[in-house]
Each structure stands twice: as C-alpha cells, then as structure tokens.
Amino acid sequence: MNSVIEFDSKVTQKDLIRFKFYHKYHTVSGMAEILLALILIVLSVISAGKVNVSYTLMVGVFGVFFLVFPSADMILRAKRQMQSVVTFKEKVHYRIDDSGLGDVTETLSWDKIYKIKFDGRSIDVYMTTVNANIIPVRDFNGKAVDFVNMAKDHLKAFQVKVNTDKLAAYKE
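Residues numbered from 1 in each chain as written. Predicted model: local features only at pLDDT ≥ 70, side-chain atom pairs only at ≥ 80, totals over all residues. Heavy atoms only, no water.

J.: Residues and numbers for the packing of helix α1 (residues 13–25) against helix α3 (residues 53–84), please.
T.: Two elements in contact, α1 and α3, have axes whose closest approach is 9 Å; the angle formed by their N-to-C orientations is 140°. Overall, the two elements α1 and α3 adopt an arrangement that is oblique. Every pair of crossing elements has a handedness; the one defined by α1 and α3 is right-handed. From α1, Gln13, Leu16, Ile17, Lys20, Phe21, Lys24 and Tyr25 reach across to α3, where they touch Pro70, Ser71, Met74, Ile75, Ala78, Lys79, Gln81 and Met82. Split into classes, the residues belonging to the contact of α1 with α3 amount to 9 nonpolar, 3 polar and 3 charged. (Axes fitted to C-alpha atoms, helices over the stretch in contact; angles between N-to-C directions. Helix = DSSP H or I, 4+ residues; strand = E, 2+ residues; numbered from the N terminus. Parallel < 35°, antiparallel > 145°, perpendicular 65-115°, else oblique. Left-handed = near helix turned anticlockwise from the far one by under 90°. Contact = heavy atoms within 4.5 Å. Nonpolar A, V, L, I, M, F, W, Y, C, P; charged D, E, K, R; others polar.)

Here it is, written out as structure tokens:
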C-alpha cells in the first residue's frame, strides 16, 4: 500500500474529559451509578414528610453525592493528568504507515494495537483494554477515514470499531 499519513495532534483538557466521561458512562457500572443516584434522590423526595427528616436528608445527600462526585472527580483527575503527562502538554507528531502508528519516540506496530474506536469526536487507539492514545478527529487534517481504512487493512475486523460514514460526516 505504501501510503503515509502525518499530522500533529494536541489533546486538550476538554478532549480528555470527554474521553473519561464517554468511557465511564458507556459501561454497566457507570449507568448503574447514575441509576442508583436517581433512585436515592427520588426516594428522598418521596419520603419527605413521611419518615424521619434525618433519613430523608441522608438518602438525598447520598443521591446527590453519587450523582456529582464521580463527575467532579473525573474533571479534577483530567486537570491533574493534563499537568503531569508530557504527551498532553505539547503537540505530538504522528506518522502512520504500513509499519504502524508512530510518534517522535517510537512506533506502535499494527500487531500491538488492541482496538481502534471512534467516540464521536476522537479516534481512540487502544494498546490494552485500558490504555489508549486519544487522537481528536480535527487533528487528522481530513485524513481520518484514510487512517481507519489503513487500520482495517492491517487489523482484524472486530478490532476496528469505527463507523466510517459517521466519521466522514464529522464536523467540529
């Protein structure tokens, strides 16, 4: 094939927060957490005036806590990560070719990629089930679909979870 895609990418704090929220709330545990919080809040409202005030307040506070704390925690962790991780502080130059996905320091060969996923605004290249490179689609300079097609040539079909029609229709 011998095609090469090169571009610079900069992950912003907003990109990182979106990634964290997407992965947190697209899981059963993330959805269960929201459901539990909402149930607790509803129970608090329903129990108002029917049971001890301290019970109503306790259940309500727990509901609000389960609804607000995880989101606030993810935002604070993202801020800390942006300050401490070198690849988030500066632009990364990517070079994608038949040997794999590379930056200035190393090349990740195609056989080391676990999966590639499009989350609506970025393409996430997973090396393991939990470690991923976040590459915002805006940074591909119009070559995101070409990258996905190249990935499909080098990876198994189940490893590339990207709807190219949605990717092609993406607008910042």
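J.: Please set out the sheet that holds strand β1 (residues 5–9) residue by residue, giving values where relevant.
T.: One open sheet accounts for 4 strands, arranged β1-β2-β3-β4; its pairing is antiparallel. Edge positions in the sheet fall to β1 and β4 (107–109), since each has one partner strand and no second. Each adjacent strand pair in this sheet contributes to an overall mean axis angle of 20°, direction not counted. The pairing of strand β2 (residues 92–97) with strand β3 (residues 100–102) spans 3 bridges and is antiparallel. Following the sheet pairing, Asp97 is matched in β3 by Gly100. (Pairing = 2+ DSSP bridges.)

J.: Quick rundown of the sheet that holds strand β5 (residues 115–118)? Include the residues and the values.
T.: Reading across the sheet, the 4 strands line up as β7-β6-β5-β8 and stay open at both edges, with mixed pairing between neighbours. Every other strand in the sheet has two partners, leaving β7 (132–136) and β8 (160–161) as the edge strands with one partner each. Sheet topology places strand β6 (residues 122–126) next to β7; 5 bridges connect them, and they run antiparallel. Paired with Asp124 across the bridge in β7 is Ile134.

J.: Tell me about the packing of aromatic side chains, and please be specific about residues and values.
T.: A complete count under the given rule lists 7 aromatic pairs for this structure. Ring plane angle 45° and centroid distance 5.9 Å describe the contact between Phe21 and Tyr25, whose orientation is recorded as tilted. With a gap of 4 residues between them, Phe21 and Tyr25 both fall in helix α1, about one helical turn apart. Classification of Tyr25 as buried rests on a relative accessible area of 16%. Judged by centre distance (5.8 Å) and plane angle (70°), the ring pair of Phe65 and Phe66 falls under edge-to-face. What makes Phe66 partly exposed here is its relative accessible area of 29%. When the ring centre of Tyr126 is taken as reference, the NZ or CZ atom of Lys115 above it lies at 4.9 Å. (Phe/Tyr/Trp six-rings, centres within 6.5 Å; stacked < 30°, edge-to-face > 60°. Buried < 20%, exposed > 50% of the residue type's maximum accessible area, 1.4 Å probe, protein only. Lys NZ or Arg CZ within 6 Å of the ring centre and 35° of its normal.)

J.: Go over the side chain of Ser47 with me, naming the residues and quoting the values.
T.: In this fold, Ser47 is placed in helix α2 (residues 28–47). With relative accessibility at 9%, the residue Ser47 sits in the buried group. One polar contact links the side chain of Ser47 to the main-chain carbonyl oxygen of Ser44, over a distance of 3.2 Å. The residues contacting Ser47, other than those within four sequence positions of it, are Tyr55 and Thr56. (Polar contact = N/O pair within 3.5 Å; in protein donor to acceptor, adjacent residues only side chain to side chain.)

J.: Now, about a nonpolar patch on the surface: what can you tell me, with residues and values included?
T.: On the surface, a cluster of nonpolar side chains totalling about 310 Å² of accessible area is made up of Leu38, Val64, Leu67 and Val68. Tallying contributions element by element places α3 first for the nonpolar patch, with 3 residues. Turning to its location among the elements, Leu67 is positioned in helix α3. By relative accessible area, which is 35% here, Leu67 ends up partly exposed. (Patch = residues over 30% accessible without salt bridge, like charges linked within 9 Å, V, L, I, M, F, W, Y side chains within 5 Å. Areas by Shrake-Rupley, 256 points an atom, 1.4 Å probe, with all protein chains shown as cover. Salt bridge = Lys/Arg side-chain N within 4 Å of Asp/Glu carboxyl O.)

J.: So what's going on with unusual backbone geometry? Which residues, and what values?
T.: Phi angles above zero are rare outside glycine, and Asn141 is one such case at about 55°. Topologically, Asn141 is positioned in the loop between β7 and α5 (144–154). Asn141 gets classed as exposed once you look at its relative accessible area, which sits at 57%.

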